[in-house]
Structure formats: C-alpha cells, structure tokens
Amino acid sequence: YDACNAVDCETALDGLPEQWSIIPGGRYALVVHEGSYETLHGSYLDLIGRWLPRSGYRASATPVVECYLNSPYDTRPDDLRTEIWMRLED
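Remember, predicted model here, so these are calculated numbers, not experimental data.

Let's shift gears to the overall build of the protein. Helix and strand counts for the protein come out as one helix and three strands. Going from N to C terminus, the protein has its helices and strands arranged as β-α-β-β. Per-residue burial over the protein gives 20% buried out of 90 residues. If you take every contact in the protein between residues at least 6 apart in sequence, the share linking residues at least 24 apart comes to 64%.

Following this line, the structure appears as structure tokens:
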C-alpha cells in the first residue's frame, strides 16, 4: 500500500525524498465505513462485490483511496470513520 498526505497545489515538492503522486480527478464511488479498521473488508465487499456489479459502471485500474476521517489515537474503534473512494472508468 501507499500512505500519503494531502497537500495543496501551491506546495513546493522539489528536493523532498518522498515519491509524489497525484490522485486523478474523475468520477468516484464512495462509501463511508463506520467501525474498526479490522472490519473494513465488509465495506469493500459492499462497494466492489455488491454495488459495482449492479451499477452499470466499471472500476478504473487506479488504486482505491482510503481517507481516515478521525484518528485511532483519540477515537474508540467503533467510532472510527473511513471513506473508501473507488475511481470509475470514464
């Protein structure tokens, strides 16, 4: 997996040791997972295994993106919220 931080387009990236990528724009399917990270697979199954085959869309070959809306350091596992973004083909 890749881990990342969001930066605005004005941030200078020159000379930094990290590898930089841009998450492409476009149409995404989004599901918000509520609960511990250990149960994320259920939301992936709902999105990719149930919704996608019935939607009429096709998934793009780009990686799925997870956005962590709160932190496990100060949030109970059952209260964690994670967005799962799957890019759809144009």
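Once the structure has been displayed, the description carries forward.
Relative to the assigned elements, Arg87 resides in strand β3 (residues 81-87). Among the polar contacts made by the side chain of Arg87, one reaches the main-chain carbonyl oxygen of Gly25 at a distance of 2.8 Å. The residues touching Arg87, leaving out its near neighbours within four places in the chain, are Pro24, Gly25, Gly26, Arg27, Tyr28, Ala59, Ser60 and Thr62.

Attention shifts here to a nonpolar patch on the surface. Where nonpolar side chains cluster on the molecular surface, the patch consists of Leu30, Val32, Leu69 and Trp85 and spans about 310 Å² of accessible area. Mapped onto the elements of the fold, Val32 is located in strand β1 (residues 28-34). Its relative accessible area of 33% is what places Val32 among the partly exposed residues.

Conventions used here
Residues numbered from 1 in each chain as written. Predicted model: local features only at pLDDT ≥ 70, side-chain atom pairs only at ≥ 80, totals over all residues. Heavy atoms only, no water. Helix = DSSP H or I, 4+ residues; strand = E, 2+ residues; numbered from the N terminus. Buried < 20%, exposed > 50% of the residue type's maximum accessible area, 1.4 Å probe, protein only. Contact = heavy atoms within 4.5 Å. Polar contact = N/O pair within 3.5 Å; in protein donor to acceptor, adjacent residues only side chain to side chain. Patch = residues over 30% accessible without salt bridge, like charges linked within 9 Å, V, L, I, M, F, W, Y side chains within 5 Å. Areas by Shrake-Rupley, 256 points an atom, 1.4 Å probe, with all protein chains shown as cover. Salt bridge = Lys/Arg side-chain N within 4 Å of Asp/Glu carboxyl O.

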